Amino acid sequence: MILGTIKSKFIIQDIRFNGGYYLNEDAVNSRALEENREMCSQLTELAEVWNPPIFKRQFCQETERAIPYCQSSDVTNALEGSDVFINKIQATKVGSVVEENQILITGFGTIGNTRLVNELSSGISFANNVCRVKAKEGVPYGYLFAFLTSKYGRSQLNKNASGSVVRYIEAPGIRKTLIPNLPKLKQQEAHNLIQLASNLRVQANKLLRDAEKSIKEKVSLQNLSPFDYEYFGNHSSDRPISAFRRSFKEISAITINAFNYSKRVGNIEDRVKNSNYQRLIDCLDDNKFFSTGSFKRLELNSPTSIKLLNQSDIFNRRKEGKLLARKYVKSDRLVEYGEVIIASVGTLGEGETFCRVIFGNEELEGQLISGEFIRMKTNNSIPSGYLYAWLSCDYGFRLIRKTQTGTKLCRPIQELLKEIPVPIISYNEMKEIDGQVKKGQSMLYQALIKENEAIALVEQELESWQES
């Protein structure tokens, strides 16, 4: 049971008598600002806040006339960019293209997720239910981002949201958010930390992209086009329908799924095999493929709890997860640094995480992940960062997807996964790429730490208001 005392002015103001409205976490955090309204400014005084109009999206393939498109759920993505494209003229006309240093806020479904647009995400089109916040001249956008990401900013957004089953909030409601007028030095300190975090993310993304590019250059592989593989997405009128014939001798007892025998993807495989390569299974240690497995889950919000991450969490910048009691969790199930992890349950949509690869960096080390992932550790002949870079590039991704089975929920067929070719270059070159990947992954972790420092700085200052 939650007990608390509410001042009558809040009851008169909101005209509500149910206790749950005033005693939930969002309401309690919001009152910390409402009780000190004279020390705050509304967001509309410090920034321009708007949503673009609703528009019919014309999805298309990647060309010079297309622009990457992100939906509301992509705001939390750890990496930049999108594999989904819409018409560039249309996106520009409705004003859905974001610019550097704007703050994005999700206003539909999960309320209050934030993202600071950097040089890599600038120029991408975001859905109309993602609110844009552009700080006015002289207002430190990093401080605004830190506050809106903090529990005090997110709580206000959720408290002011409408709806019951599906909650939503748009620019008019977001403009009312109270921003504390903290000392200028504190604001600048938070701003500097957020700037540093943003720069680290940009550098990290560039390093990871360069690592993928280096592998393809060293084995003379060109970037793939939509004409090179099978996929479930938007097809252009000039893309020929995929039709092929296989001899019954080529059909194995493992699968009769035509997708697994695609000649287009078979040609991709042949390109890789034109140079020196090893099977994926030969790159792994004695554990080969393994997973966390199943175990009894007891949810427990405690300092001694352990966080469980699933596929909906693990690709996010801020990995929320669920808190579980450690009683039923064995230590050998926790992620070790350098593991290569494949998201192994999902659908074949181009924007889906199914068959995407994660690297076990400092943030994931010692964490518990669900049994929905295929986990791997490399042997001494292949550095883990190199294998990650290969499997996360366009070739690796399409070769993993070729192994899928299922209709609603797909999974890789591990017997086919074993046979994926991994190009082998000199060990020194592989170590160089491995170093790039590990440096980039460490930068992503450091960016999160700096962002958390900025948020903690803001929250600690606001907690001092309540103590005084």
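Since we're looking at a predicted model, the values are computed, not measured.

**Student:** Give a detailed account of the overall build of the protein chain, specifying residues and quantitative values.
**Tutor:** Counting its regular elements, the protein chain contains 15 helices and 20 strands. The globule rule puts the C-alpha radius of gyration for 468 residues at 23 Å, and the 24 Å found for the protein chain is close to it. Structurally, the protein chain occupies a C-alpha span of about 80 × 55 × 40 Å along its principal axes. Counting across all 468 residues of the protein chain, residues that qualify as buried make up 51%. For the protein chain, the computed accessible surface area is about 23100 Å², with 49% contributed by carbon and sulfur atoms. For the protein chain, the distance from the average position of its 62 positive side-chain charges to the average position of its 55 negative side-chain charges is 4 Å.

**Student:** Go over the sheet that holds strand S13 (residues 322-324), please, and point to the residues and values.
**Tutor:** Pairing in this open sheet of three strands is mixed, and the strands run S13-S12-S16 from one edge to the other. The sheet is open, and its two borders are formed by S13 and strand S16 (368-369), each paired with just one other strand.

**Student:** Which residues make up unusual backbone geometry, and what values go with them?
**Tutor:** Despite not being glycine, Asn101 shows a phi value in the positive range, around 75°. Within the chain, Ser220 stands out as a residue other than glycine whose phi angle is a positive 55°. Turning to its location among the elements, Ser220 is positioned in the loop between helix H9 (184-218) and helix H10 (263-273). Take Ser220: its relative accessible area is 62%, and that puts it in the exposed class.

**Student:** Any chance you could break down the nonpolar core for me, citing the residues and the numbers?
**Tutor:** A general feature of soluble globular proteins is that nonpolar side chains tend to end up buried together. Within the largest apolar cluster, 53 residues are counted, with the highest numbers of intra-cluster contacts made by Leu280, Trp390 and Leu391. Those elements that place two or more of their residues in this core are H9, H10, strand S14 (340-343), strand S15 (357-359), strand S17 (373-376), helix H12 (384-392), helix H13 (394-401) and helix H15 (427-467). Among the elements that line this core, the one with the most residues is H9, at seven residues. Formed by 38 residues, the second largest nonpolar core is a distinct cluster that contains Cys40, Val133, Leu144 and Leu182.

**Student:** Could you give an account of the packing of helix H3 (residues 25-34) against helix H7 (residues 151-160), naming the residues involved and the relevant values?
**Tutor:** The geometry of H3 relative to H7 is characterised by a closest axis approach of 8 Å and an angle of 110° between their N-to-C directions. Classified by the angle between their axes, H3 and H7 sit roughly perpendicular to one another. Crossing angle aside, the handedness with which H3 passes H7 is left-handed. Here Glu25, Asp26, Ala27, Asn29, Ser30, Ala32, Leu33 and Glu34 of H3 lie close against H7, whose contacting residues are Lys151, Tyr152, Ser155, Gln156, Asn158 and Lys159. Residue classes in the contact of H3 with H7 are distributed as four nonpolar, five polar and five charged.

**Student:** Can you tell me about the pattern of salt bridges, naming the residues and giving the values?
**Tutor:** With the rule as written, the count across this model stands at 23 salt bridges. When the shortest N-O distance is used, the salt bridge between Lys431 and Asp434 registers 3.8 Å. With Lys431 and Asp434 both in helix H15 and three residues apart, the pair spans about one turn of that helix. Note on Asp434: relative accessible area 3%, which makes it buried. Here the residues in one salt-bridge network are Arg201, Arg317, Arg318 and Glu451, joined through shared partners.

**Student:** Break down H3 for me, with residues and values.
**Tutor:** The buried fraction of H3 is high, at seven of 10 residues. Taken together, the buried positions of H3 are Ala27, Asn29, Ser30, Arg31, Ala32, Leu33 and Glu34.

**Student:** Talk me through the sheet that holds strand S3 (residues 59-60); I want residue IDs and the actual numbers.
**Tutor:** The sheet built from four strands is open, its strands ordered S3-S5-S4-S8 with mixed pairing. Each edge of the sheet is formed by a strand with only one pairing partner; in this case those strands are S3 and strand S8 (125-126). Examined bridge by bridge, S3 and strand S5 (residues 85-87) share two bridges and lie antiparallel to one another. Considered in S5, the bridge of Cys60 is made with Phe85.

**Student:** Before we move on, could you go through the side chain of Ser72 and cite the residues and values that matter?
**Tutor:** For Ser72, the location among the structural elements is in the loop between strand S4 (66-70) and S5. Given the relative accessible area of 10%, Ser72 is considered buried. For Ser72, the residues in contact, after removing those within four places along its chain, are Thr106, Phe108, Ala127, Asn129 and Val130.

**Student:** Tell me about the side chain of Ser305, residues and numbers included.
**Tutor:** Tracing the chain through its elements places Ser305 in the loop between strand S11 (277-279) and strand S12 (306-309). Of the polar contacts made by the side chain of Ser305, one reaches the backbone oxygen of Leu300; its length is 2.3 Å.

**Student:** Tell me about the packing of aromatic side chains, residues and numbers included.
**Tutor:** All told, the structure shown has four aromatic pairs when counted by the stated rule. Between Tyr337 and Phe359, the aromatic rings sit 5.7 Å apart at their centres with planes inclined by 90°, giving edge-to-face as the arrangement. One end of the pair, Tyr337, is in the loop between S13 and S14; the other, Phe359, is in strand S15, and 22 residues separate them in sequence. On the basis of relative accessibility, which here comes to 31%, the residue Tyr337 falls in the partly exposed class.

Rules and cut-offs
Residues numbered from 1 in each chain as written. Predicted model: local features only at pLDDT ≥ 70, side-chain atom pairs only at ≥ 80, totals over all residues. Heavy atoms only, no water. Helix = DSSP H or I, 4+ residues; strand = E, 2+ residues; numbered from the N terminus. Rg over C-alpha atoms; globule rule 2.2 N^0.38 Å. Buried < 20%, exposed > 50% of the residue type's maximum accessible area, 1.4 Å probe, protein only. Areas by Shrake-Rupley, 256 points an atom, 1.4 Å probe, with all protein chains shown as cover. Lys, Arg positive; Asp, Glu negative; His and termini not counted. Charge placed at Lys NZ, Arg CZ, Asp CG, Glu CD. Pairing = 2+ DSSP bridges. Core = buried A, V, L, I, M, F, W, Y, C linked by side-chain atoms within 4.5 Å. Axes fitted to C-alpha atoms, helices over the stretch in contact; angles between N-to-C directions. Parallel < 35°, antiparallel > 145°, perpendicular 65-115°, else oblique. Left-handed = near helix turned anticlockwise from the far one by under 90°. Contact = heavy atoms within 4.5 Å. Nonpolar A, V, L, I, M, F, W, Y, C, P; charged D, E, K, R; others polar. Salt bridge = Lys/Arg side-chain N within 4 Å of Asp/Glu carboxyl O. Polar contact = N/O pair within 3.5 Å; in protein donor to acceptor, adjacent residues only side chain to side chain. Phe/Tyr/Trp six-rings, centres within 6.5 Å; stacked < 30°, edge-to-face > 60°.

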